[in-house]
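# Secondary and tertiary structure notes
This is what each chain is made of:
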Amino acid sequence: VDGLSRQLVEAINCIRPGTLADIPLGGDIRLLREGRPAYVDTRGLDALLDAANAGDRQMVIRWSYRDVALQHLFWLQDDFRNCAVAAPAGLSNHQNGLAVDLNDHQYWEPRMRAQGWENNLPNDRVHFDYSGAEDIGLGALSLLAFQHIWNRNHPDDPLALTAELDGATYDALSEAPIEGFELELCGGGAPPVGPGPVRGPTVGQSAWRGCDASPTLVE
């Protein structure tokens, strides 16, 4: 879904300039799989680079920021829908830009924690969340960006701008072209929409992180 993912990242940085930063690769950091997205919330980038610089080996990132299209693909290919597998689009910690998964997590844990990156999920030890910045609703903004792009390309079948994974948005994600839409949200110009909701995790996202909510509450 590289084409669609690129559009979504560009849309987010158009709506809120400077939100997502590229992770510099090839020095202290590399990706586990070449070609995976390498973005993180700009507010956590320096802390991540400092942690990587503190090691005597190259930091290997499994996943960093995942846009909603990629997260939806994860969800669709999972057979079991519980806390042991991928969360739905918009509900993963990786959607907020303040999360990375690392190889060799035991080695990196003290170095990451010293820079504000904590791995406090007992069922996901490779996962680190950045505690030095507040989650301001990037998961919601990513869904809002998708809804805006969809509406620009489907004016006769628009989505409600809920910034939530409602049923219509779920269906639209399943139908979205993996190579990207014909029309970009901004196309190099000013954003045609407002900055979106600035808020912490939704009820659904908070419940999913807790791993103890019923499917009805998450829905």
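Going by the structure above, here's the rest.
Let me begin by describing the structure that accompanies this report. (Residues numbered from 1 in each chain as written. Predicted model: local features only at pLDDT ≥ 70, side-chain atom pairs only at ≥ 80, totals over all residues. Heavy atoms only, no water.)

## Considerations on the state of the cysteines
Counted under the stated rule, the structure contains one disulfide. The side chain of Cys14 participates in a disulfide bridge whose partner is Cys186; the two sulfur atoms lie 1.8 Å from each other. Disulfide Cys14-Cys186: torsion about the S-S bond near -105°, hence left-handed. Here Cys14, found in helix H1 (residues 2-15), pairs with Cys186, found in the loop between helix H6 (167-175) and helix H7 (203-210); they are 172 residues apart in sequence, far enough to count as distant. Each member of the pair Cys14 and Cys186 is classed as buried. (Disulfide = S-S within 2.5 Å. Helix = DSSP H or I, 4+ residues; strand = E, 2+ residues; numbered from the N terminus. Buried < 20%, exposed > 50% of the residue type's maximum accessible area, 1.4 Å probe, protein only.)

## Some words on the pattern of salt bridges
Scanning all chains against the criterion turns up six salt bridges. Salt-bridge contacts for Glu10 lead to Arg6; the nearest nitrogen and oxygen are separated by 3.0 Å. On the criterion of helical spacing, the pair formed by Glu10 and Arg6 is a turn pair, its members being four residues apart in helix H1. Residue classification places Glu10 among the partly exposed residues on the basis of a relative accessible area of 39%. Given a relative accessible area of 35%, Arg6 falls into the partly exposed group. Here Arg57 and Asp56 are joined by a salt bridge, their closest N and O atoms 3.4 Å apart. Overall, the relative accessible area of 39% leaves Arg57 in the partly exposed class. The exposure class of Asp56 is exposed, given its relative accessible area of 65%. Here the salt bridges share partners, and the residues they tie into one network are Arg6, Glu10 and Glu184. (Salt bridge = Lys/Arg side-chain N within 4 Å of Asp/Glu carboxyl O.)

## Focus: the packing of aromatic side chains
Throughout the structure, instances matching the rule amount to six aromatic pairs. For the ring pair Phe146 and Phe181, a centre distance of 6.2 Å and an interplane angle of 50° mean the geometry is tilted. Residue Phe146 is located in helix H5 (residues 138-153), and its partner Phe181 is located in the loop between H6 and H7; the two are separated by 35 residues in the primary sequence. Assigned by exposure class, Phe146 and Phe181 land together as buried. When the ring of Trp150 is compared with that of Phe181, the centres are 6.0 Å apart and the planes differ by 90°; the resulting orientation is edge-to-face. Note that Trp150 is positioned in helix H5 and Phe181 in the loop between H6 and H7, a separation of 31 residues in sequence. For Phe181, a relative accessible area of 8% puts it in the buried group. Every member of this aromatic cluster is reached through a ring pair, and the members are Phe146, Trp150 and Phe181. Here Arg57 stacks its cationic end above the ring of Tyr107, 3.6 Å away from the centre of that ring. A cation over an aromatic ring shows up here: Arg111 above the ring of Tyr107, its NZ or CZ 3.9 Å from the ring centre. (Phe/Tyr/Trp six-rings, centres within 6.5 Å; stacked < 30°, edge-to-face > 60°. Lys NZ or Arg CZ within 6 Å of the ring centre and 35° of its normal.)

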